[in-house]
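# Summary of structural features
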Amino acid sequence: MKVVIVKDKTQMGATGAKIIADDMRGKPRHVLGLATGATPIPLYQELIRMHREEGLDFSRTTTFNLDEYIGLDPAHPQSYRYFMKAQLFDHINIPKENTHVPDGMAEDADAFCEQYERMIRDAGGIDLQLLGIGSNGHIGFNEPGTPLDSRTHRTGLTESTINDNARLFERREDVPVEAVTMGVATIMDARRVLLLACGENKAAAVAAAVEGPVTPDVPASALQNHEHAVFVVTEDAAAGLKGDYERP
Ligand code: F6R
């Protein structure tokens, strides 16, 4: 696992976008795993800029999002499908049929999870998976305690995640309590993983993920065993790290 410490969110977004663009340019039919949340927004803005100003081409890119709330319609402003449209898909030349976000309205969520795994396999697997990290160490919605061999599954959200996400909903009771998420093993299958973290509230989770033991208690710690995982972390989110890391 490689760790790069950058000064702020803008540099985090630019560094992450360059890693993605370089990987895409090396493989025209690129399969990109995507994340939602506040963290990747500067990266998406930089990808949009690269598309507009440098001709970064998404016409043959396929995407798979990590997760989606159960019970939110894709048109709901807090659904992850809506987020991806607003933050990225509407601003680049990706065909809609190439974009995949788990279906939070599927009648049979378990069958859908198996289908999602199949779709990823049929696309040739994920070339690069983008991740954020929860303040409790989650990746996707793999909350602490999720088995490290988990595949795409339906899961309940922890109180800590519901609290973290409540700021985005009118009332705390409106925050969905279940989601569909790629599993830790699904994420580990990606050829490359890029995790972004910013903000002092992520410092403990980043330190545990990078320098703590590999344990289901901190799902992001599994990435220590990934051959091509890069963490791009701002100074404040890196505050708990003891080791000596690259600072470009
Ligand atoms: C989002 C996701 C989550 C977030 C994490 C951090 O698709 O899978 O694991 O990456 O909760 O969220 P933010 O970036 O809002 O702090």
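As the structure is a computational prediction, the values presented were derived from the model and not from experiment.

Attention now goes to the sheet that holds strand β1 (residues 2-6). Ordered in space as β1-β10-β9-β6-β2-β3-β5, the 7 strands form an open sheet in which the pairing is parallel. What marks the edges here is a single partner per strand, and that holds for β1 and β5 (99-100). Two strands pair when backbone bridges link them, and β1 and strand β10 (residues 229-234) are joined in this way by 5 bridges, in the parallel orientation. From the neighbouring strand, isoleucine 5 faces β10, where its bridge partner is valine 233. The strands touched by helix α4 (residues 109-122) are β3 (62-65) and β5; relative to β3, the strand with the most contacts, the crossing angle is about 150 degrees.

With that settled, the discussion passes to the pattern of salt bridges. Tallied over the entire structure, the rule returns 17 salt bridges. Residue lysine 7 is joined to aspartate 8 by a salt bridge in which the shortest nitrogen-to-oxygen separation is 4.0 Å. Note on aspartate 8: relative accessible area 30%, which makes it partly exposed. Glutamate 235 is the partner of arginine 247 in a salt bridge, and the nearest nitrogen-oxygen pair spans 3.0 Å.

This part takes up helix α1 (residues 9-25). Here α1 is 17 residues long and its end C-alpha atoms lie 24 Å apart, about the 24 Å a rise of 1.5 Å per residue gives. Of the positions making up α1, those classed as buried are Met12, Gly13, Gly16, Ala17, Ile20, Ala21, Asp23 and Met24. Around the axis of α1, the buried residues are gathered within 160 degrees of arc, so they sit on the same side. With a side-chain oxygen lying 3.3 Å from the backbone nitrogen of threonine 10, the N-terminal cap of α1 falls on aspartate 8.

Inspection of the secondary structure assignment puts leucine 196 in strand β9 (residues 192-197). Residues leucine 196 and histidine 100, 96 residues apart in the sequence, show an inter-C-alpha distance of 21 Å. The residues contacting leucine 196, other than those within four sequence positions of it, are Met12, Thr39, Pro40, Leu43, Leu130, Leu131, Gly132, Ile133 and Val232.

This brings us to the nonpolar core. Counting 40 residues, the largest nonpolar core has Leu43, Tyr44, Leu47, Leu88 and Leu194 as the members making the most contacts within it. In contact with leucine 43, not counting residues within four places along its chain, are Gly13, Gly16, Ala17, Ile20, Leu130, Leu194 and Leu196. In this structure, Ile5, Val31, Val210 and Val233 belong to the second largest nonpolar core, which totals 35 residues.

Between α1 and helix α2 (residues 41-54), whose axes approach to 8 Å, the crossing angle comes to 55 degrees. The pairing of α1 with α2 is recorded here as oblique in orientation. The chirality of how α1 crosses α2 is right-handed. Between α1 and α2, the residues in contact are Lys9, Met12, Gly13, Ala14, Gly16, Ala17, Lys18, Ile20, Ala21 and Arg25 and Pro42, Leu43, Glu46, Leu47, Met50 and Glu54, respectively.

Let us look at the site of the ligand. With respect to spatial proximity, 14 residues lie near the ligand, and among them Thr39, Asp67, His138, Gly140 and Lys202 are the closest. Residue alanine 38 places a main-chain N or O atom 2.9 Å away from an oxygen atom belonging to the ligand. Protein burial of the ligand: of its 410 Å² of free accessible surface, 89% is covered by the chains. In terms of residue class, the shell around the ligand is built from 4 nonpolar, 7 polar and 3 charged.

What counts and what doesn't
Residues numbered from 1 in each chain as written. Predicted model: local features only at pLDDT ≥ 70, side-chain atom pairs only at ≥ 80, totals over all residues. Heavy atoms only, no water. Pairing = 2+ DSSP bridges. Helix = DSSP H or I, 4+ residues; strand = E, 2+ residues; numbered from the N terminus. Contact = heavy atoms within 4.5 Å. Axes fitted to C-alpha atoms, helices over the stretch in contact; angles between N-to-C directions. Salt bridge = Lys/Arg side-chain N within 4 Å of Asp/Glu carboxyl O. Buried < 20%, exposed > 50% of the residue type's maximum accessible area, 1.4 Å probe, protein only. Expected span 1.5 Å × (residues − 1). Arc of directions from axis to C-beta. Polar contact = N/O pair within 3.5 Å; in protein donor to acceptor, adjacent residues only side chain to side chain. Core = buried A, V, L, I, M, F, W, Y, C linked by side-chain atoms within 4.5 Å. Parallel < 35°, antiparallel > 145°, perpendicular 65-115°, else oblique. Left-handed = near helix turned anticlockwise from the far one by under 90°. Near = heavy atom within 4 Å. Areas by Shrake-Rupley, 256 points an atom, 1.4 Å probe, with all protein chains shown as cover. Nonpolar A, V, L, I, M, F, W, Y, C, P; charged D, E, K, R; others polar.

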